[in-house]
Amino acid sequence: MAMYIVLLGPPGVGKGTQAKILAQKTGLPHVSSGDLFREHLKNQTDLGRLAQSYMSKGELVPDDVTIAMVRDRLSRPDCESGAILDGFPRTPVQAEALEKMLAEFSAQVDVVPYISAPDEVLVERLSGRRTCRAQGHVFHVRYNPPAKEGVCDYDGSELYQREDDREETVRRRIQVYREQTAPLVSYYREQGKLVEINGAQPIEQVTQDLLRALEQVETS
Ligand code: AP5
């Protein structure tokens, strides 16, 4: 399947969870700007340190460095026939940059599933989230618990709580989303690419709805 998919939605709605499942089902690479920043942080790069100073406060990392990082990732051969973008674009400037980048590969954003859920659901999901140290696999203490507490089912590494999952930072992230990212909903709706998905459903149900949305793009 050749397709560029942008998963849009607030923090904690399940973009990363669904992107990983869709990547397995479609064979497309999962490109997460948040994971790329966390990888830089783990490797103690200058970009990692810069990103951390914004991420820990729940603010967005500046557009120029974010766009350059994602451009580099999308230029790799595994993204030639598509990608599942998670967390990018997050501002109108990033959306326009993505359009230009893809046009260089004679491609475009094909579909934008917009996953939404009420704020209480987002806060509860983020406060119970546990993330794997080695590869960023995601669990939830109640909704998606690992077989063994504190240990990743996939690679056995330690599960930790992200620094930006503290309640006051989560509230700020949701506010930043409303101010800076929510305008992309109408941007993609006007382009006829938006598909609304109810993210308050169980994980499997959200996946079914997403797969149905992708099938419709393939057959149109
Ligand atoms: P990022 O890492 O992108 O965080 P986010 O968008 O805030 O998204 P999350 O990873 O928090 O949530 P998610 O929707 O992926 O939910 P998940 O699947 O984990 O960004 C972090 C920071 O990096 C930003 O604040 C910013 O500073 C910076 N950044 C990143 N991209 C940037 C950009 N483009 N520009 C500028 N700055 C950028 O699920 C959450 C929990 O819920 C999990 O525990 C999961 O198990 C559980 N769960 C998932 N689905 C369900 C379900 N259906 N039912 C029950 N539980 C569920």
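Everything here concerns the structure above.
Residues numbered from 1 in each chain as written. Predicted model: local features only at pLDDT ≥ 70, side-chain atom pairs only at ≥ 80, totals over all residues. Heavy atoms only, no water.

## Details of the side chain of Arg-73
Mapped onto the secondary structure, Arg-73 falls in helix H4 (residues 63–74). Setting aside residues up to four positions removed in sequence, Arg-73 forms contacts with Pro-29, Val-31, Leu-36, Asp-78 and Cys-79. (Helix = DSSP H or I, 4+ residues; strand = E, 2+ residues; numbered from the N terminus. Contact = heavy atoms within 4.5 Å.)

## Considering the site of the ligand
In the vicinity of the ligand, 35 residues are found, and the nearest of them are Thr-17, Glu-59, Arg-90, Arg-129 and Arg-173. Within the backbone of Glu-59, one N or O atom sits 2.6 Å away from an oxygen atom of the ligand. Here an oxygen atom of the ligand sits 2.7 Å away from a polar atom, N or O, in the main chain of Phe-139. Surface burial for the ligand is 97%, taken as the share of its 1000 Å² of free accessible area covered by protein chains. Elements represented by at least two residues in the shell around the ligand include exactly helix H1 (15–26), helix H2 (33–42), helix H6 (119–127) and strand E6 (138–140). (Near = heavy atom within 4 Å. Polar contact = N/O pair within 3.5 Å; in protein donor to acceptor, adjacent residues only side chain to side chain. Areas by Shrake-Rupley, 256 points an atom, 1.4 Å probe, with all protein chains shown as cover.)

## As for the environment of Leu-8
Relative to the assigned elements, Leu-8 resides in the loop between strand E1 (3–7) and H1. Along the backbone, Leu-8 and Ala-107 are 99 residues apart, and their C-alpha atoms lie at a distance of 19 Å. The residues contacting Leu-8, other than those within four sequence positions of it, are Lys-15, Pro-89, Val-112, Pro-113, Tyr-114, Ile-115, Thr-181, Leu-184, Val-185, Tyr-188 and Leu-194.

## Digging into the environment of Ala-182
Summarising the element assignment, Ala-182 is placed in the loop between helix H7 (167–181) and helix H8 (183–190). Assessed through its relative accessible area of 26%, Ala-182 is described here as partly exposed. (Buried < 20%, exposed > 50% of the residue type's maximum accessible area, 1.4 Å probe, protein only.)

## What about the sheet that holds strand E3 (residues 82–86)?
As summarised here, the arrangement of the three strands in space is E1-E3-E2, forming an open sheet in which the pairing is parallel. Looking at which strands have only one partner, the edges of the open sheet turn out to be E1 and strand E2 (30–32). Looking at each pair of strands side by side, their axes are set apart by 20° on average, direction ignored. In this structure, E1 lies alongside E3, joined through five bridges in parallel fashion. (Pairing = 2+ DSSP bridges. Axes fitted to C-alpha atoms, helices over the stretch in contact; angles between N-to-C directions.)

## Some details on the nonpolar core
Counting 31 residues, the largest nonpolar core has Leu-8, Leu-74, Leu-85, Leu-98 and Tyr-188 as its most contacted members. Listed by contribution, the elements that provide at least two residues to this core are E1, H2, helix H3 (46–55), H4, E3, helix H5 (92–104), strand E4 (112–116) and H8. Considering every element that reaches this core, the biggest residue donor is H5, with five residues. The residues contacting Leu-85, other than those within four sequence positions of it, are Ile-5, Val-6, Leu-7, Val-31, Val-70, Leu-74 and Leu-98. If you look at the next biggest cluster of nonpolar residues, it comprises 22 residues, including Ala-19, Ile-84, Val-123 and Val-206. (Core = buried A, V, L, I, M, F, W, Y, C linked by side-chain atoms within 4.5 Å.)

## As for unusual backbone geometry
Each neighbour pair has its own omega, and for Phe-88 with Pro-89 the value is 0°, a cis peptide bond. Mapped onto the secondary structure, Pro-89 falls in the loop between E3 and H5. Here the phi dihedral of Gln-44 falls at roughly 55°; this positive angle occurs in a residue that is not glycine. Along the polypeptide, Gln-44 turns up in the loop between H2 and H3. A positive phi angle, near 50°, is found at Ser-106, a position not held by glycine. With respect to the helices and strands, the residue Ser-106 is situated in the loop between H5 and E4. Judged by relative accessible area, which is 75%, Ser-106 ranks as exposed.

In short, geometric facts, not functional conclusions.
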